[in-house]
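# Summary of structural features
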Amino acid sequence: MIIGLTGGIASGKSTVSAYLAQKGIPIFDADRSGWHVEEKGSPCLARLAKRFGKTILMADGRLDRTRLAALAFSSKEATQDLNAIVHAAIKEERDAFLRLHKEDALVIIDAPLLLEGQWENVCDEVWLVFIPEEEQVRRAMKRSGITREEVLMRIKHQMPLAEKRKMADVIIDNSQTLDALYQQVDQALIKALRKSSADRK
């Protein structure tokens, strides 16, 4: 069974993902994959250098993220090209992960942009870690040391949690205590494992 785990900035998705990892459940982390596919010598980095020029590479061959950002966000077309190249590489890693764990009863795809990227199509269930916007803003400001305006700008660039809520199969409410959050995850996990077991029979 493939569970897609998602949420907005400072929603607590990473906390849920870490809790599931402690239980030994295989997890594909899309954010971590994004860094991995851009490492020195990777095919993805070669494609980026071909599209944006070798000036995005430092002397030792690593990616100069500041230089890439300046070029990639100079136009809508450039941004789309950046996203297409990186997302294709992450998708390749995701598919390799799913092939590797095809015999596992349950796996997690942890992706902030799961629904934006239409990855729900490869998932059996979508779990959304939900938090009211005001609490989301407060936690993001505290966690990242950024202003309220900066947080709101980041939230604006993601699909609204209210929209994601309509598309999710399981809502995990993270507006209460950590123990309450873990209890909800445990309950969702029990149901998912029962469903996975029933599907295998």
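Quick caveat: nothing in here was measured; it's all calculated off a predicted structure.

Before going further, it helps to examine the sheet that holds strand β1 (residues 2-7). The parallel open sheet is built from five strands, whose spatial order is β2-β3-β1-β4-β5. The open sheet has two edge strands with one neighbour each: β2 (27-29) and β5 (170-173). Across the sheet, the mean angle from the axis of one strand to that of its neighbour is 20 degrees, orientation sign disregarded. Against the sheet, helix α1 (residues 13-22) makes contact with β1, β2, β3 (107-110) and β4 (125-130), and its axis sits at roughly 150 degrees relative to β1, the strand it touches most.

Across all of its chains, the model carries three aromatic pairs by this definition. When the centroid spacing of 4.0 Å and the interplanar angle of 10 degrees are considered together, the rings of Tyr-19 and Tyr-182 count as stacked. With Tyr-19 in helix α1 and Tyr-182 in helix α9 (residues 178-200), the pair connects residues that are 163 residues apart, well separated along the chain. The class for Tyr-19 is buried, based on a relative accessible area of 13%. Measuring from ring centre to ring centre gives 5.7 Å for Phe-28 and Phe-97, while their planes differ by 45 degrees; the resulting arrangement is tilted. Taken together, the positions of Phe-28 in strand β2 and Phe-97 in helix α5 (residues 76-100) put the pair 69 residues apart, joining distant regions of the chain.

Over the atoms, a rolling probe the size of a water molecule traces out where space has been left empty. Of the volumes computed, that of the largest pocket is approximately 1,600 Å³. In this structure, the largest pocket is lined by 46 residues; those nearest its centre are Asp-31, His-87, Pro-112, Leu-113 and Gln-158. Top contributing element to the lining of the largest pocket by residue count: α5, with eight residues. Of the volumes computed, that of the second largest pocket is approximately 170 Å³. Around the second largest pocket sit Lys-13, Ser-14, Ser-17, Ala-18, Ala-21, Ile-27, Asp-29, Asp-31, Arg-32 and Asp-110, which together line it. Of all the elements in the fold, those that place two or more residues in the lining of the second largest pocket are α1, β2 and α2 (30-36). Considering each element in turn, the lining of the second largest pocket owes the most residues, five residues, to α1. Taken together, the residues that form the lining of the second largest pocket break down as three nonpolar, two polar and five charged.

What follows covers α5. Taking 1.5 Å as the rise per residue, α5 with 25 residues should run 36 Å; its terminal C-alpha atoms sit 36 Å apart, in good agreement. Here α5 has its buried residues at Ala-78, Thr-79, Leu-82, Ile-85, Val-86, Ala-89, Ile-90, Arg-94, Phe-97 and Leu-98. At its buried positions, α5 is contacted by β1, β2, α2, α3 (43-52), α4 (65-72) and β3.

This paragraph deals with the side chain of Glu-125. Residue position: Glu-125 is located in strand β4. Since its relative accessible area comes to 10%, Glu-125 is described here as buried. Setting aside residues no more than four positions away along its own chain, Glu-125 makes contact with Met-1, Ile-2, Ile-3, Gly-4, Asp-169, Val-170, Ala-192 and Lys-195.

The rules behind each value
Residue indices follow the written sequence of each chain, beginning from 1 at its first position. For a predicted model such as this one, the threshold for reporting local features is a pLDDT of at least 70, and the threshold for listing and counting side-chain atom pairs is 80 or more; totals across whole chains, interfaces and linings nevertheless cover every residue. Calculated side-chain values reflect all of the structure's heavy atoms, with hydrogen atoms and water omitted. Strand pairing is defined by DSSP finding a minimum of two bridges between the two strands. Each helix corresponds to a stretch of at least 4 residues labelled H or I by DSSP, and each strand to a stretch of at least 2 residues labelled E; elements are numbered beginning at the N terminus. Only the stretch in contact is used when a helix axis is fitted, and all axes are lines through C-alpha atoms; the angle between N-to-C directions ranges over 0 to 180 degrees. Any pair of residues with heavy atoms lying within 4.5 Å of one another is described as a contacting pair. Here is the rule: rings of Phe, Tyr and Trp (six-membered ring for Trp) pair when centre to centre is within 6.5 Å. Planes less than 30 degrees apart are stacked, more than 60 are edge-to-face, and the remainder are tilted. A simple rule labels every residue: compare its accessible area, found with a 1.4 Å probe on the protein chains alone, to the largest value its type can have, and call it buried under 20%, exposed over 50%, or partly exposed in between. Of the two site types, the cavity is a set of points on a 1 Å grid over the protein atoms alone where a 1.4 Å probe fits but cannot get out, and the pocket is an open set with protein on both sides within 12 Å along at least five of seven lines, each lined by residues with an atom within 4 Å of a point. Grid points are joined across faces, edges and corners, and a volume is the space filled by probe spheres set on the points. For this scheme, ten residues count as nonpolar: Ala, Val, Leu, Ile, Met, Phe, Trp, Tyr, Cys and Pro. Four count as charged, namely Asp, Glu, Lys and Arg, and the remainder, Gly too, count as polar. For a helix, the expected span equals 1.5 Å multiplied by the number of residues minus one.

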